[in-house]
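For reference, the chains in residue letters:
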Amino acid sequence: MTSTAPEKALSGAAPAPGRQVELSIGGMTCASCAARIEKKLNRMDGVTATVNYATEKAKVSYPDGTEVADLIATVEKTGYTAQEPPPPAPVTAEEGEAQAAPAADGELLSLRQRLYVSLALTVPVVLMAMVPALQFDNWQWLSLTLAAPVVVWGAFPFHRAAWTNARHGAATMDTLVSIGTLAALGWSVWALFWGTAGMPGMRHAFEFTVSRTDGSSSIYLEAAAGVTTFILAGRYLEARAKRKSGAALRALLELGTKDVSVLRAGKEVRIPVGQLAVGDRFVVRPGEKIATDGTVVEGSSAVDAAMLTGESVPVDVTVGDAVTGATVNAGGRLVVEATRVGSDTQLARMATLVEDAQNGKAEVQRLADRISGVFVPAVLFIAVATFGVWLGATGNTVAAFTAAIAVLIIACPCALGLATPTALMVGTGRGAQLGILIKGPEVLESTRRVDTVVLDKTGTVTTGRMQLQDVFTAPGVDEGELLRLAGALEHSSEHPIAQAIAAGAVERAGSLPVPENFENVAGLGVQGVVDGHAVLVGRQKLLADWAIELPRELAEAKAAAEAEGRTAVAVAWDGEARGVLTVADAIKETSAEAVAELRRLGLKPVLLTGDNQLVAESVARAVGIDEVIAEVLPQDKVDVVKRLQGEGRTVAMVGDGVNDAAALATADLGLAMGTGTDAAIEAGDLTLVRGDLRVAADAIRLSRRTLATIKGNLFWAFGYNVAALPLAAFGMLNPMIAGAAMAFSSVFVVTNSLRLRAFK
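If you're wondering where the values come from, they're calculated on a predicted model, not measured in any experiment.

What counts and how
Residues numbered from 1 in each chain as written. Predicted model: local features only at pLDDT ≥ 70, side-chain atom pairs only at ≥ 80, totals over all residues. Heavy atoms only, no water. Helix = DSSP H or I, 4+ residues; strand = E, 2+ residues; numbered from the N terminus. Buried < 20%, exposed > 50% of the residue type's maximum accessible area, 1.4 Å probe, protein only. Contact = heavy atoms within 4.5 Å. Axes fitted to C-alpha atoms, helices over the stretch in contact; angles between N-to-C directions. Parallel < 35°, antiparallel > 145°, perpendicular 65-115°, else oblique. Nonpolar A, V, L, I, M, F, W, Y, C, P; charged D, E, K, R; others polar. UniProt positions renumbered as here; feature names shortened; annotations may be inferred. Arc of directions from axis to C-beta. Pairing = 2+ DSSP bridges. Phe/Tyr/Trp six-rings, centres within 6.5 Å; stacked < 30°, edge-to-face > 60°. Salt bridge = Lys/Arg side-chain N within 4 Å of Asp/Glu carboxyl O. Patch = residues over 30% accessible without salt bridge, like charges linked within 9 Å, V, L, I, M, F, W, Y side chains within 5 Å. Areas by Shrake-Rupley, 256 points an atom, 1.4 Å probe, with all protein chains shown as cover. Expected span 1.5 Å × (residues − 1). Bend = angle between axes of the 7 residues up to and from the residue.

### Quick notes on the overall build of the protein
Item 1. Scanning the protein for helices and strands turns up 27 helices and 26 strands.
Item 2. Across the 760 residues in the protein, those meeting the buried criterion constitute 52%.
Item 3. Across the protein, every contact between residues at least 6 apart in sequence was considered, and the portion connecting residues at least 24 apart equals 70%.

Below you can see the structure in the form of structure tokens.
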């Protein structure tokens, strides 16, 4: 389910009838918890709710007759906690992050402590149980001393979740973990104190035979402690990934300025940006970010909006032009009058887009939790039935209890807990070597279904940096001389296009002379004296102001370059036009190969950009893309992704800019270039560290392979349960062999996962 809030946020449409609230949810341990809360809330009259397990938030629309307290009460009756976030306050991004950090750190620290302590206690327990040479007299009592804290304290989160679920008539993987570990510990305690397992000299040898046994001499402490530690490891990895769920929004907010120079009675006063009001006039110097959305009232400059709009060429602005907050003043001094502040700015609206897109994503229910909803009650029923049938048939309580315990232990999901984390760890480790970061298992499901890949142009298909392309000279003019004179003037300018020409001139012609009488002509170009020549570099109008016309061949070259979407700069000296320089955002060398590879994977590429149509079509032709969507604003990118999804396509989005963040979050699969902004990286599902588009194809192949491995692991984890449960129920599988089978299934799962290391 995808929220329509992003559209409302930017279109200004009226909100849906009723009211909306966002609740912070506590106590969820798996995706099925989120589904249960969502189901309960949606049963309320007039209530529509979406619960996001990753962000631990519920976005709820409710009618006027319903109170927020009623919603919170419903969540609490379901067995979880809920609270309404405090009203927004004008805090900086750093303060907001500091406030959010303690709770996340506390959860992570608690899990890490339980994992490390449990691991330290479990290793000797497993070694003593598996290696007879380590079994000294009374070793079993040391094993109990070490294993009991693991099962009771280490697994406490599972016991608590199982109890909460039981009170509400539900069962999840936590239920199996809790019952299995407690049953193994309980039986071991019984065998030690009331059976023969506590006798001095007791040895714990594996006997791979199918036979009926009373089990009073067997203990299963290594199974109980091992299951707890393995599941804790998986839960810790999951919690660590969830901690970054709000980083995209923080990255967006951090783009804005922290303070601003406001004009008060003709003097500049530095104030926090939160105190800026509509109508205030503020100063923006070269290199500074524009504090908020506004209109230029004094000065002219070039504004670099690449981070926010994806436009590769800086935009010239002068009095009366609108500017956007968080864009960079690349040229002269500006005075801007604020027209929108706070939550009304384009940057704030983009932050809302990202948040709504993340919250609106349909949660992919983990396969293990879906199956455990049926599997857990079935196992409990089989265990109880086994005990009852054996007791009624033989009257032997010990034999009946042994068979029931074997059922629980063989069903205890050790391999199930390892299936996803091990494949994910190996897959992500191999991915890191290839420049691919996979955020979590829920990402992988989308890679299998993706059939369309939307590619942002600037910084993804292209380098995102303006570069000197072609040099056209008039008859008799030396190219090196043209570059030296033009590059010398442009080197003194702060304009990004000028800097690209200067850099290209140094690369091709060597060192540049120092100009005299340099002057920046606002909106037209630069002029000055270089080596005794009066040089003009800029728009054709600058030359026309000096009564200089471009000869036919140069005019044709300029027109052809502009037809391909390039920026053409004219050069003249001593009263004559001498050449034309073209500048463009260069296409990455590997982009065409990457597009071909994506096609081989069965994906249809689409080029999406904020640049103009000519630039976009030129780039698309060069890399082999047929479908082009150009001249789109950030909110339009979200709409384009939704439109493609509405056509029945499963969409992957590759981008690197802040303007791509919302689209990355809205797409079925978001691939963020690691060379891009933090906002894009955090909003994406996969991060391509190297900034090479070819890695996008590798990422999809690796993700599909990892998903297949996870599903294979889950099939085995459940398959061995299904095969072994009848043996355990009929008393043909003692709990010791059940523990060995469980250990073998874990080894199989890990070995299967390790095959991902060979991915190329």
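### Here's the deal with the packing of helix α5 (residues 139–154) against helix α6 (residues 156–167)
Item 1. Where α5 meets α6, the axes come as close as 5 Å, and the angle between the chain directions of the two elements is 45°. The angle between α5 and α6 places the two elements in the oblique class. Contacts from V151, V152, W153 and G154 of α5 reach α6 at F156, P157 and H159.
Item 2. Of the residues that constitute the contact of α5 with α6, the class distribution is 5 nonpolar, 2 polar and no charged.

### Some points on the UniProt feature "transmembrane region" (unreviewed entry) in the protein
Item 1. UniProt tags residues 115–135, 141–163, 175–197, 217–237, 371–392, 398–420, 713–730 and 736–754 as "transmembrane region" (unreviewed entry).
Item 2. Annotation note: span residues 175–197, helix share 83%, strand share 0%, distance between end C-alpha atoms 28 Å.
Item 3. Annotation note: span residues 713–730, helix share 94%, strand share 0%, distance between end C-alpha atoms 27 Å.

### What to know about helix α21 (residues 591–600)
In an α-helix, one full turn covers 3.6 residues, which means residues spaced three or four apart are oriented alike.
Item 1. Listed as buried for α21 are S591, A594, V595 and L598. With its buried residues spanning 100° around the axis, α21 presents them on a single face.
Item 2. For α21, the elements touching its buried residues are β15 (452–456), α16 (457–461), β21 (576–587), β22 (604–608), α22 (613–623) and α26 (694–729).

### Let's talk about the sheet that holds strand β19 (residues 533–538)
Item 1. Pairing is antiparallel across the open sheet formed by 6 strands, whose spatial order is β16-β21-β20-β19-β18-β17. This sheet does not close on itself; its edge strands, each paired only once, are β16 (462–473) and β17 (516–521). Direction aside, the axes of adjacent strands within the sheet are offset by 20° on average.
Item 2. Here strand β20 (residues 567–573) pairs with β21 via 7 bridges, running antiparallel. Counted as the bridge partner of A572 is A577 from β21.
Item 3. Of the strands in this sheet, β16, β20 and β21 are in contact with helix α20 (residues 552–563), which crosses β21 at around 15°.

### Focus: the packing of aromatic side chains
We describe a pair of aromatic rings using the distance from one ring centre to the other and the angle between the two ring planes.
Item 1. Under the defined criterion, the tally for this structure stands at 3 aromatic pairs.
Item 2. Their ring planes at 80° and their centres at 5.1 Å tell us that W141 and F193 sit as a pair that is edge-to-face. Of this pair, W141 sits in helix α5 while F193 sits in helix α7 (residues 173–193), and the two are 52 residues apart along the sequence.
Item 3. Residue classification places W141 among the partly exposed residues on the basis of a relative accessible area of 27%.
Item 4. On the basis of an interplanar angle of 50° and a centroid distance of 5.9 Å, the ring pair of F193 and W194 is categorised as tilted.
Item 5. Members of the aromatic cluster, joined through ring pairs, are W141, F193 and W194.

### Some remarks on the pattern of salt bridges
Item 1. Under the criterion given, the structure shown has 27 salt bridges.
Item 2. Across the pair R281 and E337 runs a salt bridge whose closest N-O atoms are separated by 3.3 Å. Within this pair, whereas R281 is found in strand β7 (residues 281–284), its partner E337 is found in strand β13 (residues 334–340), the two being separated by 56 residues in sequence.
Item 3. With relative accessibility at 41%, the residue R281 sits in the partly exposed group.

### Topic: a nonpolar patch on the surface
Item 1. On the surface, L119, V123, L127, M130, V131 and L134 cluster together into a nonpolar patch covering about 450 Å² of accessible area.
Item 2. The residue L134 is located in the loop between α4 (93–130) and α5 in this model.

### Considering the packing of α21 against α26
Item 1. Direction vectors running N to C along α21 and α26 enclose 25°, while the axes themselves pass 7 Å from each other. As the angle between them shows, α21 and α26 are arranged roughly parallel. The segment α21 lies against α26, with E593, A594, E597 and L598 engaging R694, A696, A697, I700 and R701.
Item 2. Taken together, the residues that form the contact of α21 with α26 break down as 5 nonpolar, no polar and 4 charged.

### A look at unusual backbone geometry
Item 1. The phi torsion at A265 lies on the positive side, around 55°, for a residue other than glycine.
Item 2. Within the secondary structure, A265 sits in the loop between β5 (259–264) and β6 (267–272).
Item 3. Positive phi values are uncommon outside glycine, yet D531 reaches one of about 55°.
Item 4. Here D531 is to be found in the loop between β18 (525–530) and β19.
Item 5. Look at D531 and you get partly exposed, because its relative accessible area is 47%.

### Things to note about the sheet that holds strand β9 (residues 301–304)
Item 1. Here 3 strands make up an open sheet; going across it, the order is β10-β9-β12 and the pairing antiparallel. Single-partner strands in this sheet number two, and they are β10 (315–317) and β12 (328–329).
Item 2. As paired strands, β9 and β10 are joined by 3 bridges and run antiparallel to one another. When the bridges of β10 are listed, S301 appears paired with V317.

### A short note on the pairing of β17
Item 1. Inspection of the sheet shows β17 paired to β18 by 4 bridges, in the antiparallel sense. Looking across to β18, one finds that N520 is bridged to V526.
Item 2. Joining the antiparallel neighbours β17 and β18 is a turn of 3 residues, in which G523 adopts a positive phi near 75°.

### Section: the pairing of β6
Item 1. Pairing geometry for β5 and β6, over 6 bridges, is antiparallel. In the sheet register, V260 faces β6, and the bridge partner there is I271.

### Considerations on the environment of W190
Item 1. Along the chain, the position of W190 falls in helix α7.
Item 2. Overall, W190 belongs to the partly exposed group, its relative accessible area being 27%.
Item 3. Taking the C-alpha atoms as reference points, W190 and I219, separated by 29 residues in sequence, lie 8.9 Å from one another.

### Examining α5
Item 1. Taking 1.5 Å as the rise per residue, α5 with 16 residues should run 22 Å; its terminal C-alpha atoms sit 22 Å apart, in good agreement.
Item 2. In the structure, α5 departs most strongly from a straight axis at A147, where the bend amounts to approximately 30° and where the proline P149 lies between one and four residues downstream.
Item 3. Residues W139, Q140, S143, L144, L146, A147, V150, V151 and G154 constitute the buried set of α5.

### Focus: the environment of I625
Item 1. Among the secondary structure elements, I625 is positioned in the loop between α22 and β23 (627–629).
Item 2. Put simply, I625 and A596 are 29 residues apart on the chain and 9.2 Å apart in space, counted from C-alpha to C-alpha.
Item 3. Beyond its immediate stretch of four places on either side in the chain, I625 contacts L455, V595, R599, P605, V606, L607 and A620.

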